[in-house]
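Commentary on secondary and tertiary structure
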Amino acid sequence: MFFNSLKNLVKRNSLLWGEDVAEAYHGAAARDMQVHWDQFIEPARTRHPIDYSHVIDFACGYGRNTDFLLAWAEKVTMVDVNKHNIDYCKKKYVNNPRVSIKECNGYDLRDIPDKFCTFVYTFDSMVHFPPKIVKAYLPEFFRVLKPGGYALVHHSNYTAGGSGANFRNSPHWRNYMSAEIFSNISKAVGFIIADQTVHCWGDVSDLDCVTVLKKP
Ligand SMILES: C[S@@+](CC[C@H](N)C(=O)[O-])C[C@H]1O[C@@H](n2cnc3c(N)ncnc32)[C@H](O)[C@@H]1O
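1. Observations concerning the packing of helix α5 (residues 131–144) against helix α6 (residues 179–189)
The N-to-C vectors of α5 and α6 enclose an angle of 40 degrees; their axes lie 9 Å apart at closest approach. Overall, the two elements α5 and α6 adopt an arrangement that is oblique. As for the relative orientation of α5 and α6, their crossing is right-handed in sense. Counted together, Val-134, Lys-135, Leu-138, Pro-139 and Phe-142 of α5 and Phe-182, Ile-185, Ser-186 and Val-189 of α6 form the full contact between these two elements. Considered class by class, the residues forming the contact of α5 with α6 number seven nonpolar, one polar and one charged.

2. So, the nonpolar core
Phe-58, Leu-109, Tyr-137 and Phe-141 are the most contacted members of the largest nonpolar core, which totals 32 residues. Those elements that place two or more of their residues in this core are α1 (2–13), β1 (54–58), β4 (117–122), α5, β5 (145–156) and α6. The leading source of residues in this core is α5, at eight residues. Once residues lying within four places of it in the same chain are set aside, the contact partners of Phe-141 are Phe-58, Leu-109, Val-120, Met-126, Val-153 and Phe-191. Membership of the second largest hydrophobic core comes to 29 residues, among which are Tyr-52, Ala-73, Tyr-150 and Tyr-158.

3. Brief notes about the state of the cysteines
Tallied over the full model, the rule gives zero disulfides. Free of any disulfide, Cys-89 has its nearest cysteine sulfur in Cys-60, 4.4 Å distant. Overall, Cys-89 belongs to the buried group, its relative accessible area being 0%. Cys-117 takes part in no disulfide bond, and the closest cysteine sulfur to it belongs to Cys-104, at a distance of 14 Å. Given the relative accessible area of 0%, Cys-117 is considered buried.

4. Some points on the environment of Gly-61
If you trace the backbone, Gly-61 turns up in the loop between β1 and α3 (64–69). In sequence terms Gly-61 and Gly-164 are 103 residues apart; their C-alpha atoms lie 26 Å from each other. Contacts of Gly-61, omitting those with residues within four sequence positions, involve His-26, Asp-80, Asn-85 and Cys-89.

5. Some remarks on unusual backbone geometry
A positive phi angle, near 50 degrees, is found at His-172, a position not held by glycine. For His-172, the location among the structural elements is in the loop between β5 and α6. Residue class for His-172 comes out partly exposed when judged on its relative accessible area of 36%. In this model, Asp-206 sits at a positive phi of 60 degrees, which is unusual for a non-glycine residue.

6. Section: the site of the ligand
The ligand sits among 21 residues. The nearest are Ala-59, Arg-64, Asp-80, Phe-123 and Tyr-137. Take Ser-14: an N or O atom from its side chain is 3.5 Å from a nitrogen atom of the ligand. For the ligand, an oxygen atom lies 2.9 Å from a polar atom in the side chain of Asn-65. Protein coverage of the free-state accessible area of the ligand, which is 600 Å², stands at 99%. Of all the secondary-structure elements, those providing two or more residues to the shell around the ligand are α3 and α5. Its residues assigned to classes, the shell around the ligand comprises eleven nonpolar, seven polar and three charged.

7. A few points about the packing of α1 against α5
Interhelical geometry of α1 versus α5 gives an angle of 120 degrees and a closest axis separation of 10 Å. With respect to each other, α1 and α5 are oriented oblique. By crossing handedness, the relation of α1 to α5 is classed as left-handed. Of α5, the residues touching α1 (which contributes Leu-6, Leu-9 and Val-10) are Lys-132, Ile-133 and Ala-136. Looking at the contact of α1 with α5 residue by residue, the classes come out as five nonpolar, no polar and one charged.

Criteria and cut-off values
Residues numbered from 1 in each chain as written. Predicted model: local features only at pLDDT ≥ 70, side-chain atom pairs only at ≥ 80, totals over all residues. Heavy atoms only, no water. Axes fitted to C-alpha atoms, helices over the stretch in contact; angles between N-to-C directions. Helix = DSSP H or I, 4+ residues; strand = E, 2+ residues; numbered from the N terminus. Parallel < 35°, antiparallel > 145°, perpendicular 65-115°, else oblique. Left-handed = near helix turned anticlockwise from the far one by under 90°. Contact = heavy atoms within 4.5 Å. Nonpolar A, V, L, I, M, F, W, Y, C, P; charged D, E, K, R; others polar. Core = buried A, V, L, I, M, F, W, Y, C linked by side-chain atoms within 4.5 Å. Buried < 20%, exposed > 50% of the residue type's maximum accessible area, 1.4 Å probe, protein only. Disulfide = S-S within 2.5 Å. Near = heavy atom within 4 Å. Polar contact = N/O pair within 3.5 Å; in protein donor to acceptor, adjacent residues only side chain to side chain. Areas by Shrake-Rupley, 256 points an atom, 1.4 Å probe, with all protein chains shown as cover.

Next up, the structure:
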């Protein structure tokens, strides 16, 4: 019953960023990556002693984040629910032995073993996820991280529409979530909140948050 409800959410909400938006989203976003990195990622990542031995780029799209993460990471495992994105990345990184790619089911990481990686990273994806899917993934991030590992999660800080609202009507398609709710879910799973920074997205102030989590 619980899994059926998650599967339905994935069918309705999670398959919107594939081939149909190859240029409109993935192409345009790749050109913005340096600006996004400087604003959202670099300040947060440099405040913590993150071990980049094995990084998961979660909800990876076409890999614009992986391209940056490879500057530090020894290995990157890319994960996404959309088969088109997975196939795209398999071709893009075919000659890179430091990159591996896994398709997931949209609500857990069952094909990834416990204590698999040292850093879970996700940018510009979970901002759109339904809260139930965020809640389903957080224990999985905890499980796949080695003790002492960090997760850097870019998520929504938008609650104005209410929890049942259609996220397509929200600014920049942000789903219902807040820094406080995200922090509470993460703590319940066992994470330490290392850092939270609320950000604007475009001209909408306080719309997003970058949370850095530590597994004790
Ligand atoms: C807006 S794109 C961002 C892609 C990438 N992070 C970037 O910054 O370019 C959202 C990504 O999240 C993936 N996605 C959406 N729902 C997902 C889910 N439930 N589980 C895993 N990936 C998901 C999509 O397939 C897509 O690749």
